[in-house]
Amino acid sequence: MDDKSNLQQLSKCLNDASNLINTMLDTDTQRHQPGIASAQPVPRAERPREAAVNVPSVRATINSAVDRARLMIGQSSSRGLCSRLNRRERLRATSSKPSTSTTTKKPRLEKKVFEFVLLSTEDCDGNDDKDTMLFSESMVAIRGFIEIPTTASEVDIRTELGKAIQLKFPMVSKNDFEFVRANRRRITKPVSCNEYNYNQVKLLAGQGCIYLKMKDGLECLFVEDAPGDGAFDFEKEENSQPKEESTQAITEGPSATASSIRVSSINTHQVLQQQSSILPTNTASLPSGSSPRNPVMIPPQYVDASSSIPPLNRKTTIFDVAADCVTYCKEHNIDDPVEILRYAQNCIVTGKPLNGYTGDEETLDGESNFILINRHDVLATALEEIGSIENPQLTLEVSFYGENAQDAGGPRREFFRLCLQQIMEKYFNNGLREHISEDYKTVGLIMALSILQNGNIPRFPEELLQEIFIRDVPQSKCVANLREGFNKLGLREIVKNLPILLHLFRPSSTTALTRRKLMHMLTPMFSEDGCNARSFENVAYAAFSTYTRKAAGGKRGNVTLEHILQFVSGTDQEPLLGFCTKPSIVFPSSTSSGAWSFIPTSNTCANVLHLPCPSNQIPLPTEEKLFEVYDMAFCNAYFGKH
C-alpha cells in the first residue's frame, strides 16, 4: 500500500470520527435543553438512528478510528520520502516553491614556494657528454622563486616559470627549457616521465631547487635587451625615418604592460645606472659576492609594472629582499611565525641546500661559506671566521679541526649550538659589555645565521627584545651593533614590520625536551613482524627505552636527554622549522662479542642513530655494562671515528 492510499484511508477514518462526535454533541444538547424536557416524547420508531447510539459505543468507535489513523501515519512516515524528512521538511517538500540547492564550500587552494635555477650551458667546455655536466656557479643564468599550486600540471608550472624567466630574458618562452636533475655537482637529465606535474617536480627538487637548462640550440635566447647595434642598426637610416626607442613588453598574468628602454645607443650598464637614479636611494650596498649574472630575483607578483624602467635588469639589496618578504606575508595574510620564518629562509638563504643529505645521495654541493672551527675555542674562531664572510646569504659549511666529516647539516647545527651557548654566557647573561661593543656586530650575524639556517633560536628578555627589533633608537652601542649584524641578512627589518615574530625569541617552557618528545622524535625502523630480526630489535629498543627513562630522571650521571638528541642530530633541541630529515633509529647486528660492540653511532646529517642489536650468537650485555657503553657514546661530541 503506497503513501497515497494510506492518506486516503486516513481521511475517511477521520471523517467518520467527525460524524460520530457531531452526533454525540447533538444528542447531549437536546437532552439538556429545557424545552425538550416538557415536550411530548417522540416515538421510538421516529427517532433518528444516530440518537439510539449510546455514548460508550461511540467512544469506542472513536478510539478505534484514532488508533487506525495513528497506525497509518506511522506506516506512511516510515517509508518513501517521509522517512528521510522531518515534520518541517515534509511541509516544505509538498510546497510548490522549488528548493534551493546549498552551495558546497570550495577547498582552499594550497600553494608552495619553490626556488628555481636556470642554467646556461653554452660556455661549458670539456664536456663531451651533453647530458652530464659539472655544476659551477658561473652557469647560473637566473635564480628566483615561484609559487606552485599542489594541483598544478606541467603546463601550469611551465607558465609560472616562463613568467619569472621573462623578467630578465623576455625572449625565452615556457617551452624553451627542460628539467634537469642535480646529483652532487653533476647535472643530468632525469628519467623521462609522462608529465612534470606538482608531485613530480617536488620529487625532482627534493630539499633543493628546481634546476632547468635551455634546450639544445636555444642558448641564443639569453638576451636581456632587444637586438641593438650588432644585429640591426636602425640608426643608419636617419634620412628615411626618425629615431625611435625600441619597446619591450613584459607580460604578467592576464594583462600586459609595455615598458620602454633605449637599446640602440646605450648598453646594459647605462640602463642599470638609469634604474638606480629612479629607484629610491638606499645606503646599503649589494652583498659582496653577488654576481651580475646571479641577481636576487623579485617574485613576479611584486613587480611594479607602472615603473618607467622595466624590472628585468633590476638588482636588489638584502633590504629589498626583506621588504619583498614582508609584502608577501602581509598580502597573503600569513600570521604564523614559523611559516613567516620558513618563507624568509627561502628568500634569503642561497647556495648549497641546507640539508645536503638525501637517502639516495642525490644532492648538490653548491656554493657555500666554508669555515674551520676549533672545538676547544669555538667562540674565538667563530668571530674570526664569520667576521670575514663576504656574502652571508650563502649556506654555512662547518668543519671542526681534525674531524673527518663532510657538513650536510649536522656539523653546522653542532656549531650553532656550541657558539650560541658561549655567546649568551659571555655577552648577555651578565649584562651587555660596552667595552667590547664591536663584537656585537659579528654576534648579531651569527645569531641571524643560526635563525635562518636551522640552528638554535636565541632567547632574549622582553626589554632587550623590544630594544633590538622594535624601538627606533637604541640606548646602547652594543644593541646598535647587534642590529647591524641582524640587518646583514635583513632579519631585523622583517621582525620590525612583522612583530608576530617576536614570539619566537621569547623564553618558553615548551621548548624543553621531554622523554615523550624524544621518543616520538626518534622513529625506530623495525623489520617486519614475525621475523627473527624483529625480536632482537625489540630487545635493543627496550634497553634504549629504559636508558632514556633513567637519563630523564637524572640516574645516568651527566647524561641528559639533550645529550642523546645532540648525539643523533648535532643539536640539543628540535629546530623551529623542524628537521629536514626525520630522526630515526636503525638496528645493525653486533659484529663481535663484548660490550663495546654495542656502542651506538650516528649520522648527524641524516639524523640516524645506529643502535646495535644482539643475535643468536652474540647476546646483549648486562644492563650495567650496556648502559656504561651508552654513557660513553652520548657524552662524545666529536665527528668521525676516535
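Worth saying up front: this structure is predicted, and the values here are computed from it rather than measured.

## Digging into the overall build of the protein chain
Phase 1 of the analysis: Tallying secondary structure elements over the protein chain gives 19 helices and 14 strands in all.
Phase 2 of the analysis: Counting all 642 residues of the protein chain, 43% fall into the buried class.
Phase 3 of the analysis: A separation of at least 24 residues holds for 73% of the contacts in the protein chain among residues at least 6 apart in sequence.
Phase 4 of the analysis: Here the protein chain displays about 35300 Å² of accessible surface, and carbon together with sulfur accounts for 50% of that area.

## Thoughts on helix α18 (residues 561–569)
Since there are 3.6 residues in each turn of an α-helix, residues three or four apart along the chain are aligned in direction.
Phase 1 of the analysis: Burial analysis of α18 places seven of its nine residues in the buried class, the great majority of the element.
Phase 2 of the analysis: The secondary structure elements touched by the buried residues of α18 are α11 (410–427), α16 (515–521), α17 (532–552), β13 (601–603), β14 (608–610) and α19 (623–634).
Phase 3 of the analysis: Residue G570 follows α18 closely and has a positive phi angle near 90°.

## So, helix α12 (residues 439–452)
Phase 1 of the analysis: Between its terminal C-alpha atoms α12 stretches 20 Å, which fits the 20 Å expected from 14 residues at 1.5 Å a residue.
Phase 2 of the analysis: Along α12, the residues that are buried comprise Y440, T442, V443, G444, L445, I446, M447, A448, L449, S450, I451 and L452.
Phase 3 of the analysis: For α12, the elements touching its buried residues are α9 (337–348), α10 (378–387), α11, α14 (477–487) and α15 (491–497).
Phase 4 of the analysis: Count one or two residues on from α12 and you reach N454, which has phi positive near 65°.

## Considering unusual backbone geometry
Phase 1 of the analysis: Of note in the backbone geometry, N333 takes a positive phi value of approximately 55° without being a glycine.
Phase 2 of the analysis: The exposed category is assigned to N333, whose relative accessible area is 65%.
Phase 3 of the analysis: Residue N607 is not a glycine yet carries a positive backbone phi of 60°.
Phase 4 of the analysis: The exposure class of N607 is buried, given its relative accessible area of 1%.

## Quick notes on the side chain of Q393
Phase 1 of the analysis: With respect to the helices and strands, the residue Q393 is situated in the loop between α10 and β10 (395–400).
Phase 2 of the analysis: Among the polar contacts made by the side chain of Q393, one reaches the main-chain carbonyl oxygen of I348 at a distance of 2.9 Å.

## Topic: the pattern of salt bridges
Phase 1 of the analysis: As enumerated under the stated definition, the model contains 19 salt bridges in all.
Phase 2 of the analysis: Across the pair E160 and K163 runs a salt bridge, and its minimum N-O distance is 4.0 Å. Residue E160 and its partner K163 are located together in helix α5 (residues 154–165), separated by three residues, close to a single helical turn.
Phase 3 of the analysis: Taking the relative accessible area as the measure of exposure, E160 reaches 29% and is therefore partly exposed.
Phase 4 of the analysis: For K163, a relative accessible area of 24% gives the class partly exposed.
Phase 5 of the analysis: Here E623 makes a salt bridge to K550, at a shortest N to O gap of 2.8 Å. Of this pair, E623 sits in helix α19 while K550 is found in helix α17, placing the two residues 73 residues apart along the sequence.

## Looking at the sheet that holds β13
Phase 1 of the analysis: With mixed pairing, the four strands of this open sheet are ordered in space as β11-β12-β14-β13. Both edges of this open sheet fall to β11 (523–524) and β13, since each of them pairs with a single strand only.
Phase 2 of the analysis: Packed on one face of the sheet, α18 meets β13 and β14 and runs near 55° to β13.

## A short note on the pairing of β10
Phase 1 of the analysis: Among the six residues that make up β10, six are buried, leaving the element largely enclosed by the rest of the structure.
Phase 2 of the analysis: Burial along β10 is two-sided: T395, E397 and S399 facing one way and L396, V398 and F400 facing the other are all buried.
Phase 3 of the analysis: Taken together, the six bridges between strand β9 (residues 368–373) and β10 define a ladder with parallel strand orientation. Bridging across to β10, F370 finds its partner in E397.
Phase 4 of the analysis: As for the winding sense of the linkage, the β-α-β connection from β9 through α10 to β10 is right-handed.

## A look at the sheet that holds strand β4 (residues 177–183)
Phase 1 of the analysis: Ordered in space as β2-β5-β4-β6-β1-β3, the six strands form an open sheet in which the pairing is mixed. Looking at the sheet topology across the chains shown, the edges are occupied by β2 (132–134) and β3 (140–149). Direction aside, neighbouring strands of the sheet carry axes that sit 35° apart on average.
Phase 2 of the analysis: Across three bridges, β2 lies against strand β5 (residues 186–188) in antiparallel orientation.

## Looking at the UniProt feature "active site" (unreviewed entry) in the protein chain
Phase 1 of the analysis: Mapped onto this numbering, the UniProt entry gives "active site" (unreviewed entry) at C605.
Phase 2 of the analysis: As for its placement among the helices and strands, C605 is situated in the loop between β13 and β14.
Phase 3 of the analysis: Looking at C605, the relative accessible area reads 7%, which means it is buried.

## Some details on the environment of I142
Phase 1 of the analysis: Examined against the element boundaries, I142 turns out to sit in strand β3.
Phase 2 of the analysis: Residue I142 is classed as buried on the basis of its relative accessible area, which comes to 0%.
Phase 3 of the analysis: Distance in space between the C-alpha atoms of I142 and L118 is 5.4 Å, their sequence separation being 24 residues.

## Quick look at the packing of α10 against α11
For any two helices packed against each other, the geometry comes down to the angle between their axes and how far apart the axes lie.
Phase 1 of the analysis: Where α10 contacts α11, the axes come no closer than 9 Å and their chain directions differ by 105°. The angle between α10 and α11 falls in the class roughly perpendicular. From α10, V378, L379, A382, L383 and I386 reach across to α11, where they touch F415, L418, C419, Q422, I423, K426 and Y427.
Phase 2 of the analysis: Of the residues belonging to the contact of α10 with α11, the class tally is 10 nonpolar, one polar and one charged.

## Notes on the pairing of strand β1 (residues 111–119)
Side-chain direction in a regular strand flips from residue to residue, so the side chains alternate between the two faces of the sheet.
Phase 1 of the analysis: Note: β1 against β3, nine bridges, orientation antiparallel. Counted as the bridge partner of L118 is I142 from β3.
Phase 2 of the analysis: Across four bridges, the pairing between β1 and strand β6 (residues 210–214) is parallel. Looking at the pairing, L118 lines up with L212 of β6.

Cut-offs and rules
- Residues numbered from 1 in each chain as written.
- Predicted model: local features only at pLDDT ≥ 70, side-chain atom pairs only at ≥ 80, totals over all residues.
- Heavy atoms only, no water.
- Helix = DSSP H or I, 4+ residues; strand = E, 2+ residues; numbered from the N terminus.
- Buried < 20%, exposed > 50% of the residue type's maximum accessible area, 1.4 Å probe, protein only.
- Contact = heavy atoms within 4.5 Å.
- Areas by Shrake-Rupley, 256 points an atom, 1.4 Å probe, with all protein chains shown as cover.
- Expected span 1.5 Å × (residues − 1).
- Polar contact = N/O pair within 3.5 Å; in protein donor to acceptor, adjacent residues only side chain to side chain.
- Salt bridge = Lys/Arg side-chain N within 4 Å of Asp/Glu carboxyl O.
- Pairing = 2+ DSSP bridges.
- Axes fitted to C-alpha atoms, helices over the stretch in contact; angles between N-to-C directions.
- Right-handed = clockwise from strand over helix to strand, strands pointing away.
- UniProt positions renumbered as here; feature names shortened; annotations may be inferred.
- Parallel < 35°, antiparallel > 145°, perpendicular 65-115°, else oblique.
- Nonpolar A, V, L, I, M, F, W, Y, C, P; charged D, E, K, R; others polar.

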